[in-house]
Amino acid sequence: MSSKVIHVDCVILGGGAAGLMCAATAGYRGRNVLVLDHANKVGKKILMSGGGRCNFTNLNIDASNYLSDNLHFCKSALSRYTSSDFIELIDRYGLAYHEKTKGQLFCDNSSRDILNILLEECRNANVEIKTKCAVKAITQTDNGFLLISDMGKIRCQSLVVATGGLSIPTMGASGKGYEIAKQFNITCTATQASLVPFTLHDEWLKIASNLSGLSVDVEVSCGKQSFREALLFTHRGLSGPAILQISNYWHAGESVTIDFLPGDNISELLAQWRACGNKSELKNLLAKYFPKRFAHTWLERHLVNKPVNQYYDDEIERLAQCFHRWQIIPPGTEGYRTAEVTRGGVDTNEVSSKTFEAKQVSGLYFIGEVLDVTGWLGGFNFQWAWASGYCAGQYV
């Protein structure tokens, strides 16, 4: 370690989406910015997101798409840096992208295109980026902070914590940001893996394993929240957009209700088929609505399959229950290993929604996923990273 002390205006801990956006924004203001990341490269979660094509924002951003103990906190930043603002940035670089569904925007080619734009912005703003550099100690001084790091001692006026959450530790995730908050007596709300698949056990795990790879359009509900998306059966349990979305709202011990025929009514369908004198087996008629393997498995588990004209009223009610109101209490989730985000984090009541500076610690800022702001699946969390990074970058 060098004995020389490095002096910069601003140090940003974390080279992810929020950190790089903040760095470029501050750099363009003429600030001398240093980004430190303990991983061997920056932007790892950007590169793996969206199946390698990065769902970088959504055309329909609204504060209602986010969870937080302080539901109003995200409104200011999201209104000051919108999805249109980020689209304007990438359009300047000629990025090819497309809308996949429900306003979700993806790169045509590769997630690396987004990372390359951010890195080019940082280069243009004279931002210095150092990887494989851990920060071992932080001390507040009269005019900023003193950091003890792998590259030596660093003094800065502003310190930005953009370390992310606990999700996907193989990408370098750690609890560093929460440790820093604790050091400065800043409260953190409880954290939990979110946007994450549910695990099952016993009989339901066996059924899910047998159906592994099958996708079904469903409406899934937990409490007052519901989503209509695709559900995917896996060898571990339930996944797909519908499950990831509802996991944001689920807590251990709560039940989840799934409608496998949203928009249709199986009782009415049976009545129509019977009125027409149809004597086909139910599993064959349901093949129009589901993969045949799912229809057969679901009927065999809940009720014997037979011609539609042979079902009694009580059996029809059981069919409605298992297809429209199937309820389960997931024993757990796959955890941070596969979770796309971390729910909870640094208490937003202790951070300015305008500047992202800690209210009780001058010069200390928190942005991105480390904060108690969690978005839906579909580009919302990236937009929060861009917005919080940009807004903080105006002040650090």
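Figured I'd write up the structure that's included with this text. All of these numbers come straight from a predicted model, not from anything done at the bench. (Residues numbered from 1 in each chain as written. Predicted model: local features only at pLDDT ≥ 70, side-chain atom pairs only at ≥ 80, totals over all residues. Heavy atoms only, no water.)

1. A look at the sheet that holds strand 3 (residues 55-58)
Here 3 strands make up an open sheet; going across it, the order is 3-6-5 and the pairing antiparallel. With partners counted over all chains shown, the strands left at the sheet margins are strand 3 and strand 5 (97-99), one partner each. Taking each pair of neighbouring strands and ignoring which way they run, the sheet shows an average axis angle of 25 degrees. As paired elements, strand 5 and strand 6 (residues 104-107) share 3 bridges and run antiparallel to each other. Looking at strand 6, one finds that E99 is bridged to L105. (Pairing = 2+ DSSP bridges. Helix = DSSP H or I, 4+ residues; strand = E, 2+ residues; numbered from the N terminus. Axes fitted to C-alpha atoms, helices over the stretch in contact; angles between N-to-C directions.)

2. Thoughts on the packing of aromatic side chains
Taken as a whole and assessed by the stated rule, the structure comprises 25 aromatic pairs. With 5.7 Å between their ring centres and 90 degrees between their planes, F56 and Y97 make a pair best called edge-to-face. Of this pair, F56 sits in strand 3 while Y97 sits in strand 5, and the two are 41 residues apart along the sequence. Using a relative accessible area of 27% as the deciding quantity, one classes Y97 as partly exposed. Lying across the ring of F106, K100 places its NZ or CZ 5.0 Å from the centre. (Phe/Tyr/Trp six-rings, centres within 6.5 Å; stacked < 30°, edge-to-face > 60°. Buried < 20%, exposed > 50% of the residue type's maximum accessible area, 1.4 Å probe, protein only. Lys NZ or Arg CZ within 6 Å of the ring centre and 35° of its normal.)

3. Comments concerning the pairing of strand 8 (residues 135-141)
Here 6 bridges tie strand 8 to strand 9 (residues 144-149), and the two strands are oriented antiparallel to one another. Considered in strand 9, the bridge of V135 is made with S149. Once strand 8 ends, the chain turns through 2 residues before running back antiparallel as strand 9.

4. Details of the pattern of salt bridges
Summed over all chains, the structure comprises 10 salt bridges. One salt bridge connects E369 with K45, and the closest N-O pair in it is separated by 3.2 Å. Of this pair, E369 sits in the loop between strand 20 (364-366) and strand 21 (374-375) while K45 sits in helix 2 (residues 44-48), placing them 324 residues apart in sequence. For E369, a relative accessible area of 19% puts it in the buried group. Its relative accessible area of 25% is what places K45 among the partly exposed residues. In this structure, E315 and K306 form a salt bridge, with 3.1 Å as the shortest nitrogen-oxygen distance. Across the pair, K306 and E315 agree in class, each one buried. (Salt bridge = Lys/Arg side-chain N within 4 Å of Asp/Glu carboxyl O.)

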